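These are the residues of each chain, in order.
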There are 2 protein chains.
Amino acid sequence: MLGNFTYCNPTKLYFGKSAIDGLNEELPKYGKNVLLVYGGGSIKKNGIYDKVIGLLEANGKTVYEDAGVMPNPTVEKLYEGIERAKKAKADLILAVGGGSVCDYAKAVSVSVNCKEDPWDKYYLRMEDVDCEIIPVGCVLTMVGTGSEMNGGSVITNYAQKLKIGHVFGENVFPKFSVLDPEYTFTLPKYQMIAGFYDIMSHILEQYFSGEDDNTSDYIMEGLLRSLIHSSLIAVENPEDYEARSNIMWTATWALNTLVAKGKTTDWEVHMLGQAVGAHTNATHGMTLAAVSMAYYRHIMSYGLKKFVRYAENVWNVSPDGKSDEQIAEEGLKAMESWMKKIGLVMNLTELGVKKDMVESIADSTLIMDGGYKILTKEEVIKILTESL
Amino acid sequence: MLGNFTYCNPTKLYFGKSAIDGLNEELPKYGKNVLLVYGGGSIKKNGIYDKVIGLLEANGKTVYEDAGVMPNPTVEKLYEGIERAKKAKADLILAVGGGSVCDYAKAVSVSVNCKEDPWDKYYLRMEDVDCEIIPVGCVLTMVGTGSEMNGGSVITNYAQKLKIGHVFGENVFPKFSVLDPEYTFTLPKYQMIAGFYDIMSHILEQYFSGEDDNTSDYIMEGLLRSLIHSSLIAVENPEDYEARSNIMWTATWALNTLVAKGKTTDWEVHMLGQAVGAHTNATHGMTLAAVSMAYYRHIMSYGLKKFVRYAENVWNVSPDGKSDEQIAEEGLKAMESWMKKIGLVMNLTELGVKKDMVESIADSTLIMDGGYKILTKEEVIKILTESL
């Protein structure tokens, strides 16, 4: 049953070839000072940096830079970004990159005028924003996180061995995002498929929760089928525009609040993956992939009906003459085989996790209460161990 | 392939039980004068009128009324509404009713300050709005049209025998909409199922177009499966909250611009249905139902692959040992049987169309160019005749 909710997603999207020209519509809405945020510099190699700078200059902006945002943005980098935004008197933060860069831009945007320590306030204490927010716009170069159209912002504190995501409200959503599928063509394959699994996991963690009949589950089955179909094409030919554009669009709708409306969600796989990330700095999507099969096999019997539905509606498993357990397991096997086919990392060992780190990773794993089984610490250890 | 597009849907939704209390959040954003727009007065019987008036008064508003909006709002009623809105110096138009009331409210909102004749400008010449718009809010009491979260506005001119829909831009979308599934419980069954088919037709007319692979088609298959499932429950028990809430949510997403993004669409069934409506004043959803089977059987061979996909993915038709034509026809048969089961009107005769009206209805039917076959006038006549 759909519970009560409000829905509003104010982000304006420019999608497709030459979507970057949308900046000409958006930039005039903001003041002169733009803080340009980006990562390791790949945008300088593929020409996106020059294109963006050209449009900023054509729109009369003074550009300040904040480069070097890492894949798992750290709290130390956040403090640096706050200082840069203050010095720039930024009227707009323009994030050019993947989800990490967008997440980081949002963190800076709510922290510049924050009177307390932002890590403590937003991430440890999960408090709301009560200061002025600097508007954020995004130019996406990697898909997966959905950060281009939501309020999510994940920051890592290695000293505390914590990687925490705060989901901010509509006022923190990017004001606009530029989504050009061609901008994702040059991404290395490892990052590309990690992004695919991040999308998959976003959908599954909202799907595998609740026993009710809910339109959102039907929408998610559609998104999953589209993702599976297009991902198999994209790994063969990363420049297949049709496949890459469908995946980009699926990624946005997988985590822009729609499919969670009125229903419960789980998110335990993200909690496991983020704990691994805080210990290893491994690529986010791969941490999710490495723990997923052990997690889903562990909870399958607690949410059997949904796993049967998943097998039939997403993986076309025929139910004829099979028990529910057999149908469900066949669905998970089909998923596992797809994961291997697109080249995901299927175990934690490959990500640098050793047996003696399991206890500490389990200590950093937040326990969620929306899934089919609320895990005990022993179960977390079991799942992590099975994932080695 | 997803074509280029922009996406922005700024409407804020309040969904669920007691969603009406969302008015306390929204009303303070607007000036004192509210034009309350509604239909035949059913809202006075079911208590919604009293509830809304109470909230308007509690928020210090001066309420002006514009009642009597008919199921197919006329251009004469539009002229009356413009005068009422002017006299009220309306700061907000609050539509309480179904899609017709919302459509009408939007027509008034763009016409009050329009210097030309709005019928000529917006409907005959399909021009953009270039005057000040009065903001609109909606309280929905019937689902189907999606008007609560889009820019659509259909107005009928009986003198000219024309029923035309203008799809306005984001600035005309309702600023907010209240969606309480319980508000739809008291709707007569005939109107309820007509609304169900309106939703179905919205999805199908966006689905049956194009040969490409497109995430939107997968989302639509999910919406269709949810609608079919819930509609069968709702006709048995109209007060099944789960079913009615899923249908309400599906209706909104079927026509709030999302599923059409980046793809071609058809809309010929709506053109046929609207022409019938302009000649008979029949209930909108029933006009669509009465012409659908003849239309889809007529175009099936031109878009065979999509009809096969529809049969398999929406109606679970097994393809084993069958030709594409057989699979596609089996899908249409399953659809036809569902239509009869929920009680739709399956022919035009029941809606008051006589053989000698067919030529004139064909003359009023706009020909669209997004479907699998661009119809000739002879084909329109054939489809209408087969639908008698």
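Computed from a predicted structure; not experimentally measured. (Residues numbered from 1 in each chain as written. Chains lettered and ligands numbered in written order. Predicted model: local features only at pLDDT ≥ 70, side-chain atom pairs only at ≥ 80, totals over all residues. Heavy atoms only, no water.)

Visitor: Just to check I follow, could you spell out helix H11 (residues 284-299) of chain A for this structure?
Guide: Within an α-helix, residues lying three or four positions from one another point in the same direction, as the helix has 3.6 residues per turn. Counted at 1.5 Å a residue, the expected span for H11(A) with its 16 residues is 22 Å, and the 22 Å between its end C-alpha atoms agrees. The largest bend in H11(A) is about 40°, located at Ser292(A). (Helix = DSSP H or I, 4+ residues; strand = E, 2+ residues; numbered from the N terminus. Expected span 1.5 Å × (residues − 1). Bend = angle between axes of the 7 residues up to and from the residue.)

Visitor: I'm lost on the interface of chain B and chain A in this one. Help?
Guide: Reports of interface size often rely on the accessible area that becomes lost once the parts have come together. Listed per partner, the contact involves 42 residues of chain B and 42 residues of chain A. Three residues, Tyr7(B), Tyr218(B) and Trp249(B), lead the burial of chain B against chain A; their summed loss comes to 17% of the area buried on that side. The interface formed by chain B and chain A holds two salt bridges in total. For the salt bridge of Lys12(A) with Glu170(B), the shortest nitrogen-to-oxygen distance reads 3.8 Å. Here chain B and chain A share 17 residue pairs in polar contact (both at pLDDT 80 or more) between them. Contributions of two or more residues to the side of chain B that touches chain A are made by strand S1 (5-15), helix H8 (215-236) and helix H9 (241-254) of chain B. Per element, the largest residue contribution to the side of chain B that touches chain A is 11 residues, and it comes from S1(B). (Contact = heavy atoms within 4.5 Å. Buried area = accessible area lost by both parts, 1.4 Å probe. Salt bridge = Lys/Arg side-chain N within 4 Å of Asp/Glu carboxyl O. Polar contact = N/O pair within 3.5 Å; in protein donor to acceptor, adjacent residues only side chain to side chain.)

Visitor: Could you clarify how one ought to interpret the packing of helix H10 (residues 268-280) of chain B against helix H11 (residues 284-299) of chain B in this entry?
Guide: Two packed helices can be described by the angle between their axes and the distance between those axes. All names here are of chain B. In the contact formed by H10 and H11, the axes pass within 8 Å of each other and the chain directions differ by 130°. As the angle between them shows, H10 and H11 are arranged oblique. Where H10 crosses over H11, the handedness of that crossing is right-handed. Within the contact between the two elements, H10 uses Glu268, Val269, His270, Leu272, Gly273, Val276 and Gly277 and H11 uses His284, Thr287, Leu288, Val291, Ser292, Tyr295 and Tyr296. (Axes fitted to C-alpha atoms, helices over the stretch in contact; angles between N-to-C directions. Parallel < 35°, antiparallel > 145°, perpendicular 65-115°, else oblique. Left-handed = near helix turned anticlockwise from the far one by under 90°.)

Visitor: Please clarify how the sheet that holds strand S8 (residues 176-179) of chain A should be interpreted in this entry.
Guide: Hydrogen bonds along the backbone pair up the strands of a sheet, which may run parallel or antiparallel. The strand order S3(A)-S2(A)-S4(A)-S5(A)-S8(A)-S1(A)-S1(B)-S8(B)-S5(B)-S4(B)-S2(B)-S3(B) describes an open sheet built from 12 strands, whose pairing is mixed. The open sheet terminates on both sides in strands that have one partner only, identified here as strand S3 (62-66) of chain A together with strand S3 (62-66) of chain B. Between one strand and the next, the sheet's axes are offset by a mean angle of 25°, whatever the strand orientation. Where strand S5 (residues 136-140) of chain B lies against strand S8 (residues 176-179) of chain B, four bridges are found, and the strand directions are parallel. Its bridge partner being in S8(B), Val139(B) is matched across the sheet by Val178(B). Sitting on the sheet, helix H4 (residues 75-88) of chain A is in contact with strand S2 (33-38) and S3 of chain A, with an inclination near 165° to S3(A). (Pairing = 2+ DSSP bridges.)

Visitor: Can you help me understand the packing of aromatic side chains in this one?
Guide: Two descriptors summarise a pair of aromatic rings, namely the distance from one centre to the other and the angle between the planes of the rings. Taken as a whole, this structure holds 43 aromatic pairs over all chains when the rule is applied. A ring pair is formed by Phe208(A) and Phe307(A), whose centres lie 4.1 Å apart and whose planes are at 15°; its orientation type is stacked. Linking Phe208(A) in the loop between helix H7 (189-207) and helix H8 (215-236) with Phe307(A) in helix H12 (residues 304-315), this pair joins segments that are 99 residues apart in sequence. According to the relative accessible area criterion, Phe208(A) is buried, its value standing at 1%. With 5.6 Å between their ring centres and 15° between their planes, Trp119(B) and Tyr123(B) make a pair best called stacked. Residue Trp119(B) and its partner Tyr123(B) are both found in helix H6 (residues 118-124); the two are separated by four residues, about one turn of the helix. Each member of the pair Trp119(B) and Tyr123(B) is classed as buried. Among the aromatic residues, those joined into a cluster by ring pairs are Phe5(A), Tyr7(A), Phe15(A), Trp249(A), Trp253(A), Phe5(B), Tyr7(B), Phe15(B), Trp249(B) and Trp253(B). Over the ring of Tyr49(B) we find Lys44(B), and its NZ or CZ is 4.8 Å from the ring centre. For Arg309(B), the ring lying beneath its charged end belongs to Tyr218(B), and the centroid distance is 4.4 Å. (Phe/Tyr/Trp six-rings, centres within 6.5 Å; stacked < 30°, edge-to-face > 60°. Buried < 20%, exposed > 50% of the residue type's maximum accessible area, 1.4 Å probe, protein only. Lys NZ or Arg CZ within 6 Å of the ring centre and 35° of its normal.)

Visitor: Looking at this structure, how should I read the nonpolar core?
Guide: Across soluble globular proteins, you tend to see nonpolar side chains buried next to one another. By size, the foremost hydrophobic cluster in this structure holds 224 residues, and its most contacted members are Tyr296(A), Tyr310(A), Tyr296(B) and Tyr310(B). Ignoring anything within four residues of it in the chain, the contact list for Tyr296(B) reads Tyr197(B), Leu204(B), Glu205(B), Phe208(B), Val269(B), Phe307(B), Leu332(B) and Met335(B). (Core = buried A, V, L, I, M, F, W, Y, C linked by side-chain atoms within 4.5 Å.)

Visitor: What am I meant to see in the relation of the copies chain B and chain A here?
Guide: Turning one copy of the chain about an axis and sliding it along that axis gives the other copy, so a rotation and a shift relate them. In the superposition of chain B on chain A (RMSD 0.0 Å, axial shift 0.0 Å), the rotation amounts to 180°. These values place the two chain copies in the arrangement generated by a two-fold rotation axis. When the interface residues of chain B are mapped onto chain A, 100% of them again fall at the interface, so both copies present the same face. (Least-squares fit on C-alpha atoms with pLDDT ≥ 70 in both.)

Visitor: It is not clear to me how the packing of H8(B) against helix H12 (residues 304-315) of chain B should be interpreted in this structure. Could you clarify?
Guide: All names here are of chain B. Where H8 meets H12, the axes come as close as 10 Å, and the angle between the chain directions of the two elements is 50°. One element, H8, and the other, H12, form an angle in the oblique class. Pair H8 / H12 crosses with right-handed handedness. Residues Asp217, Tyr218, Glu221, Leu224, Arg225 and Ile228 of H8 touch H12, and the partners they reach there are Lys306, Arg309, Tyr310, Asn313, Val314 and Trp315.

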